[in-house]
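The chain contents come next:
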Amino acid sequence: MGPYRIVFAGPIGAGKTTAIQALSDIPPISTEVASVEAEAVGKQTTTVAFDLGQVLLENGDLVQLYGAPGQARFDFMWPMISENAIGAVILADNRRPDTIELTVEYVREFAPRITAGNCVVGVGRSDLHPKPGVDAYQDALEAEGFAIPVMEVDIRRKEHTLLLLDVLLARLEATHDGA
Amino acid sequence: MSELTLTLRGLPTHTAAALRSMLVLLDSALGARWRLMDAPIADVILVPGERMSEIRKSGSDEELPLLLALTSGNVCPAGAFAVLKRPVTPAHLVEVLQLAETLVERARATDEGILTVPLIESLDPGGRLAPESFDHRLRTTLRAATWRLFQAPVAVTVLDDRRDSIYSFLPSRGFTTRLTTTELAGAFRSNPPAVFVELSTAEQAAMARAREFRNPKELEWTFWISNGAPRLRPELDLVRRWKLKRWPDFGRLPHYHADVRMASALMAQALTLHELCDVAKANDDTAINFLNATFTLGALAAEATAAEASSALRAQEADKRAAKAKPSRLSGLIGQLRRKFGLASA
C-alpha cells in the first residue's frame, strides 16, 4: 500500500497550488505553463499536470498532497490521483458563474473515491463576490445526497488551509471512531 | 483606577474652546484621569445653567450621568450635582471635578452589572441640547444588551465602558463592527459593562452609507458560542439526541477546535449532550455553547424520525465498512497530522 494522500481539486485559479504550498514540507513540484485558460482567470500560468507536495510525519511516514489539474481534459487522471486518498479539498471560485455546478461535479467525481467520502469545500473570493453564499452550495450538494462541510475561505491565509485540513481530519475521526 | 469622561453640551464655541484648553493644562492636577469626549454620553456633562430646564433627568442628582451647570450665579439648578461659576478659574474647576470623581466612583461601585440608569430626555425639538440618541440610552452589560436586541430588534450602537463602539445594528441591514471576529467573541465571553444607545434616523442613514454590514445570524452565533457561563436553551434538553443538518461555516464563524470535532460527531450521528461530550472529548460548557449556537442557525434537529433514522443508519454502515479497510494506521496518521500542524483539540 502506498503513502496516504490528500487531494486538492477545483477549477483553474481556485487556489490548489497555494493550499499545497501552505502545507507541504517541500516546495511543491508543479508543471506551470502559460495558457489561454489561465489568462481568462487572471493568472499568468496554469498547472497542466498536477501539483505534488508532501508532508513528512514524525514517524517517517509521508502524506502526499496532490493538486488535481483543473482542466476537464485531464479528468482521466482523477482516479489515479485519488488512490489511497484520505480526504479531498474541493476549492470553489466564487467569481465563476458556474461555480456551484462545477463544485457539485467535483464532489460527485471525488467523493466516491475517497475514504468515507471525506470531502470539504472551501469557497474562495467571497469577499468581492459574496454570491452564491455557502447555503446555496450546501443546498445543491444536499440535493445530490452529499452532506459535506462548505465554508468561506481565503486560501492565501494559511489558517484557512489549516481549517480545511482540521475539518477533514475531524470527519475522518468521526467516521473511524464510529466503526 | 479607571478613566472618567466629560462632555460639553450646548456651550458657545468660544466657551467650549476655553474650557478644553483649561482641561489640557490641568491634566496633571486632575491625576490624568479625565478624558474629554466629543459625544453626547459621558460620566459628567457640562451644560449651561440657563438651559438646565430643557433636560429632565430621572433619578437623583448623584446618579450617572452627572450634570454640571455652568452659571453666573451661586444657585444650583435642579438636576445638577454642582455649579461651575463664571468666570471659571482653574482651582474651581479642579475642585468640582474632584467632587465629580468621588460621585462617579461611588455610583460605579453600586453597579450590580445589569442596571438601568436614568434616561435623560430633552424637551426642546429645535436647538436640542441633547440629540435624539441621548434620550434612548441604557447602561447594562454586553450580553444583556444583545439579548434585548434579539427580543426586539432596533437600530442601536452598543458601547463599552470607554464609550468605544463594540458593534452597531440596523434591523434592515445587519450588524457592523470594527472588532475582529476573535475580539468580538472575546468581548461576549468576558461580558463587560456596556451602554445600549438607540440610533436616530439621521444616525442610521449615515451609518448605512458608511459601513459594511454582516448577517445578523453571525452575531447570534457569536453570542451563543462565546458564553462564559452557559446554560442550555429552553428549546433543548439533556434527554433527546440531536443531530446537525448541515455544517456551520467555520470559515466565517468564530469557533474552537472542539467545535469542529462536535460538528463532525453530530453530522455522523444523533447524540445527547453528554454523549456528545464523550464522543468529541469536549467539556459540558463547550458542548452547551455549541448546541445553543447551532440551534440558533437552524442547523440542529432532534433525533430523526424512524424512516430517516433507517436511511442515516444505512449511510453510517457504508461509511464504517469503508473506514474499516484502514483501521489502526488511520488513527495514528490523524494524530500525527494534528500534531504536525498544531491542530490538537482545545
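What you are looking at is a predicted structure, and each value in this text was computed from that prediction instead of being measured.

The rules behind the values
- Residues numbered from 1 in each chain as written.
- Chains lettered and ligands numbered in written order.
- Predicted model: local features only at pLDDT ≥ 70, side-chain atom pairs only at ≥ 80, totals over all residues.
- Heavy atoms only, no water.
- Salt bridge = Lys/Arg side-chain N within 4 Å of Asp/Glu carboxyl O.
- Helix = DSSP H or I, 4+ residues; strand = E, 2+ residues; numbered from the N terminus.
- Buried < 20%, exposed > 50% of the residue type's maximum accessible area, 1.4 Å probe, protein only.
- Arc of directions from axis to C-beta.
- Contact = heavy atoms within 4.5 Å.
- Core = buried A, V, L, I, M, F, W, Y, C linked by side-chain atoms within 4.5 Å.
- Domains from an automatic or database assignment.

Chemist: How should the pattern of salt bridges be read in this particular structure?
Modeler: Between side chains of opposite charge, a pair can form when the charged atoms approach closely. Applying the stated criterion across every chain, the model contains 25 salt bridges over all chains. Across the pair Asp166 of chain A and Arg338 of chain B runs a salt bridge whose closest N-O atoms are separated by 2.7 Å. One end of the pair, Asp166 of chain A, is in helix 6 (residues 158–177); the other, Arg338 of chain B, is in helix 12 (residues 327–341), on a second chain. Accessibility expressed as a relative area gives 4% for Asp166 of chain A, which makes it buried. With a relative accessible area of 6%, Arg338 of chain B lands in the buried category. Residue Lys217 of chain B is joined to Glu220 of chain B by a salt bridge in which the shortest nitrogen-to-oxygen separation is 3.7 Å. Remark: Glu220 of chain B and Lys217 of chain B occur in helix 7 (residues 216–225); sequence separation between them is 3 residues, near one turn of the helix. Classification of Lys217 of chain B as partly exposed rests on a relative accessible area of 35%. Connected through shared salt-bridge partners, Glu152 of chain A together with Arg214, Glu218, Asp249 and Arg252 of chain B make up one network.

Chemist: In this structure, what is going on with helix 9 (residues 273–280) of chain B? I would like to understand it.
Modeler: Helical geometry note: an α-helix holds 3.6 residues per turn, so side chains three or four residues apart project in the same direction. Residue and element names in this part refer to chain B. Here helix 9 has its buried residues at Leu273, Leu276, Cys277 and Ala280. Down the axis of helix 9, the sector holding all buried residues measures 100 degrees, keeping them to one side. In the core, the buried residues of helix 9 are packed alongside helix 8 (257–268) and helix 10 (284–296). Phi turns positive one or two residues past the end of helix 9, at Lys281, with a value near 55 degrees.

Chemist: When you look at the nonpolar core in this model, what are you seeing that I'm missing?
Modeler: Nonpolar side chains in soluble globular proteins tend to end up buried together. One finds Val158, Tyr167, Phe250, Leu276, Phe290 and Leu337 of chain B to be the most contacted residues of the largest nonpolar core, which totals 79 residues. Per-element tally for this core: the top contributor is helix 6 of chain A, with 9 residues. Summarising the domain contributions, this core has at least three residues from each of domain 2 (131–224) and domain 3 (242–341) of chain B. Excluding residues within four positions of it along the chain, Tyr167 of chain B makes contact with Leu142, Thr146, Leu149, Val156, Thr157, Val158, Phe175, Thr176, Thr177, Phe188 and Leu219 of chain B.

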